[in-house]
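# Structural characterization, general
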Amino acid sequence: MTSSGVRVTAIGAGLNALGAILPQLVALVLLTSSEYGMYSMVYLVYAAGLSSVYSVICDAWSRHGGSVGLRQWESYAGALTVFSVPFSLLAAIIGAVLGMGLVALTGAAATFSLIFRAGSRYYQTRAEQWGRVIVGDVGQIFGLVLGLLIGWCANWAAMSTVMFAWALSSALTLISTSPFPVTFAAPRRFRKWVRTYRKEIGPLLADSLLMDAGAIGTPYLLFPSLGLASFGIYRAVSNVATPVQLILSPLRPIVTGSDIRRLISIRLLGAITLLLGLVSLAAYIVIQWLPALPVRLGVLSDLYVVALPAPLFVVANGLSFYLYLVAR
C-alpha cells in the first residue's frame, strides 16, 4: 500500500469509527434507561448481523483470494443484499413486539443499511476505492447530524429523534455504493456464494456464533429478568468499550493481509494495551464526573454505580477483540 493509501485508510478508519460511535453516544445522552434498553434490543440485531457478515461474506471472500472487478462485485453485493434482509426483518419484529412502530420501521432500515455498508466498505477498502470509502463515511456522519436537526426542529420526542437520525445516517452511507445491487440480488446468488466459499465460511461462522452467543445472546437472556431500565444500564456499560472496537473494526482488511509476527509482537501488543489503559482511565474519570453536572445526560448519568467495573471492561474487551481479529 502506498503512503497516500495509508493516509486515506487512516482517515477513513477515523471517519468510520466516528460515524459508528455518534449514534451510540447520542442515544446514551438523550435516552432514558428504559428507552435505551429498547434501542439496544434492536441495535443488538444489527450487531449480530455485523459479526456474521464478516464471516459469511467479507472474510470468506478475502481468504478465498479477494479478487475484484464488476463481475465479482455483482456476486459479492448480491449475496450481501440477500444476507442483510433477514436481520432487517428481525429488527422490525423486535420493534413491533416492544410496541413501537417507529422503532420497528427505522430499526429495520438502519439494520439493513449498516450491514450492507459494512460489507461494501470492506470490498471497497480491499479494492482501494478510497473515494467511495470516504464519501460513505462522511455521508453517515452528515445523515446523523441532519436527522437530529430535523427531529429538533420538529420537536419530536427523544426516542423518535434518535431512531430517525440513526436510520437516515445509515441510509446515507449507501451513497458510495454504485451500482446498488438490488437489481441482481436473488436467493440463488446467495446459495451459489455459500457453495463457492463453503470451506472458508465454515470455521469463520462457527467462531462468530461462539462469540455472539456470549456477547449478544447473553443480553437477550438477561432481558426478561432485568426489565427495560436495568437492561439499558447494563447495555450502556457494555458500550463503554464500543469506541475501541469501532476503531479497530475498519482495520480488518489491513489486519487480514498483515504479517502475523508483527501483529503479535511485544512492542505492538504493549502499545495497544497502553492505549486501552489510557482510554479506560478517561472512562473512569468521565463516569465519576457525570453525576456532578447540573444537567442529566440520559442513561450515562446512571453509570456512576459501575464506575470501576466499566473501565476494567474496556481494557479486557479491547485487547480480546484485537486478538480475535488477529486469530481470524
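Up top is the structure these notes are about.
Residues numbered from 1 in each chain as written. Predicted model: local features only at pLDDT ≥ 70, side-chain atom pairs only at ≥ 80, totals over all residues. Heavy atoms only, no water.

## Things to note about the overall build of the protein chain
Counted only if it meets this: A run of H or I in DSSP becomes a helix once it reaches four residues, and a run of E becomes a strand once it reaches two; helices and strands are each numbered from the N terminus. With the radius of gyration taken over C-alpha atoms, the globule rule is written as 2.2 Å times the number of residues to the power 0.38. The cut-offs for exposure are 20% and 50% of the maximum accessible area for each residue type, with area from a 1.4 Å probe on protein chains only; residues under the lower value are buried, those over the upper are exposed, and the others partly exposed.
A count of helical and extended segments in the protein chain gives 13 helices and 0 strands. Seen in sequence order, the protein chain has helices and strands lined up from the N terminus as α-α-α-α-α-α-α-α-α-α-α-α-α. On C-alpha atoms alone, the protein chain measures out to a radius of gyration of 19 Å, which is about the 20 Å that the 2.2 N^0.38 rule sets for 328 residues. Overall size of the protein chain, expressed as C-alpha extent along the three principal axes, is 55 × 50 × 40 Å. Taking all 328 residues of the protein chain together, the buried fraction comes to 48%.

## Observations concerning a nonpolar patch on the surface
This is how it is decided: A patch consists of residues exposed above 30% relative accessible area that lack any salt bridge, with like charges linked at up to 9 Å and nonpolar side chains (Val, Leu, Ile, Met, Phe, Trp, Tyr) linked at up to 5 Å. All accessibility values rest on the Shrake-Rupley procedure with a 1.4 Å probe; residue burial counts only the protein chains present in the view. Criterion for a salt bridge: a side-chain nitrogen of Lys or Arg within 4 Å of a carboxyl oxygen of Asp or Glu.
A cluster of nonpolar side chains, Leu281, Tyr284, Ile285, Leu308 and Leu312, forms an exposed patch at the surface whose accessible area comes to about 500 Å². The element that contributes the greatest number of residues to the nonpolar patch is helix H12 (residues 266–289), accounting for 3 residues. Along the chain, Leu312 falls in helix H13 (residues 309–327). On the accessibility criterion, Leu312 (55% relative accessible area) is exposed.

## Thoughts on the nonpolar core
As a reminder of what qualifies: In this description, a nonpolar core means a group of buried Ala, Val, Leu, Ile, Met, Phe, Trp, Tyr and Cys residues linked to one another through side-chain atoms lying within 4.5 Å. Residues are treated as being in contact if the distance between any of their heavy atoms lies within 4.5 Å.
Ranked by internal contacts, the top residues of the largest apolar core, which has 76 residues, are Tyr36, Tyr39, Ile57, Tyr76, Trp166 and Trp193. Elements with a minimum of two residues in this core: helix H1 (3–30), helix H2 (33–64), helix H3 (70–97), helix H4 (101–126), helix H6 (158–172), helix H8 (198–239), H12 and H13. No other element matches H2, which puts 18 residues into this core. Once residues lying within four places of it in the same chain are set aside, the contact partners of Tyr76 are Ile57, Cys58, Trp61, Gly119, Ser120, Tyr122, Tyr123 and Trp193.

## Structural notes on the packing of aromatic side chains
Where we set the bar: Aromatic rings from Phe, Tyr and Trp, taking only the six-membered ring of Trp, are treated as a pair when their centres fall within 6.5 Å; an angle between ring planes under 30 degrees marks them as stacked, one over 60 as edge-to-face, and anything in between as tilted. Here, over-ring charges are defined by two tests on the NZ atom of lysine or the CZ atom of arginine: distance to the ring centre within 6 Å, and angle to the ring normal within 35 degrees.
Summed over the entire model, instances satisfying the criterion amount to 21 aromatic pairs. When the ring of Tyr54 is compared with that of Tyr122, the centres are 6.1 Å apart and the planes differ by 55°; the resulting orientation is tilted. Here Tyr54, found in helix H2, pairs with Tyr122, found in helix H4; they are 68 residues apart in sequence, far enough to count as distant. Taken as a pair, Tyr54 and Tyr122 share a single burial class, namely buried. The residue whose ring lies beneath Arg126 is Trp61, and the NZ or CZ to ring-centre distance is 5.9 Å.

## Notes on a positive patch on the surface
What counts, and what does not: Charged residues are defined here as Lys and Arg on the positive side and Asp and Glu on the negative side; His and the ends of the chain fall outside this count. Charged side chains are reduced to one point each, which is NZ for Lys, CZ for Arg, CG for Asp and CD for Glu.
A cluster of like positive charges, contributed by Arg71, Arg188, Arg191, Lys192, Arg195 and Arg198, occupies part of the molecular surface. Residue contributions to the positive patch peak at 4 residues, all from helix H7 (residues 187–196). With respect to the secondary-structure elements, Arg191 resides in helix H7.

## Regarding unusual backbone geometry
Phi at Glu128 is positive, roughly 55°, even though this residue is not glycine. With respect to the helices and strands, the residue Glu128 is situated in the loop between H4 and helix H5 (130–153). Of note in the backbone geometry, Asn155 takes a positive phi value of approximately 60° without being a glycine. Relative to the assigned elements, Asn155 resides in the loop between H5 and H6.

## So, the packing of H4 against H6
Threshold: A fitted line through C-alpha atoms serves as each axis, taken over the contacting stretch for helices, and the angle formed by two N-to-C directions is quoted from 0 to 180°. What sets the label is the angle itself: under 35 degrees gives roughly parallel, over 145 gives roughly antiparallel, 65 to 115 gives roughly perpendicular, and the rest give oblique. Here a crossing is taken to be left-handed if its near helix is turned anticlockwise relative to the far helix by less than a right angle, and right-handed if that turn runs clockwise.
Two elements in contact, H4 and H6, have axes whose closest approach is 8 Å; the angle formed by their N-to-C orientations is 25°. With respect to H6, the axis of H4 lies roughly parallel. Crossing handedness for the pair H4 and H6: left-handed. Taken together, the residues of H6 that come into contact with H4 (itself represented by Leu102, Val103, Thr106, Gly107, Ala109, Ala110, Ser113 and Leu114) are Met159, Ser160, Met163, Phe164, Trp166, Ala167, Ser170 and Ala171.

## Some thoughts on the environment of Gly19
Checked against the element boundaries, Gly19 lands in helix H1. Between the alpha carbons of Gly19 and Ser120 there is a distance of 16 Å; along the sequence they are 101 residues apart. Setting aside residues no more than four positions away along its own chain, Gly19 makes contact with Gln140 and Ile141.

## Looking at the packing of H7 against H8
Filter applied, for reference: Residues are sorted three ways: Asp, Glu, Lys and Arg are charged, Ala, Val, Leu, Ile, Met, Phe, Trp, Tyr, Cys and Pro are nonpolar, and all the rest, Gly among them, are polar.
Where H7 contacts H8, the axes come no closer than 5 Å and their chain directions differ by 85°. Between H7 and H8, the crossing angle belongs to the class labelled roughly perpendicular. For the pair H7 and H8, contact is made by Trp193, Val194, Arg195 and Thr196 and by Arg198, Glu200 and Ile201, respectively. For the contact of H7 with H8, the per-class residue count stands at 3 nonpolar, 1 polar and 3 charged.

## Observations regarding the pattern of salt bridges
Taken as a whole and judged by the stated rule, the model has 3 salt bridges. Where Arg117 meets Asp137, a salt bridge forms, and the shortest distance between an N and an O atom there is 2.9 Å. On the criterion of sequence distance, the pair formed by Arg117 in helix H4 and Asp137 in helix H5 is long-range, its members being 20 residues apart. Here Asp137 falls in the buried class, since its relative accessible area comes to 0%. Between Asp137 and Arg121 there is a salt bridge, with the nearest N and O atoms lying 3.0 Å from each other. In this pair, Asp137 sits in helix H5 while Arg121 sits in helix H4, placing the two residues 16 residues apart along the sequence. Residue Arg121 is classed as buried on the basis of its relative accessible area, which comes to 7%.

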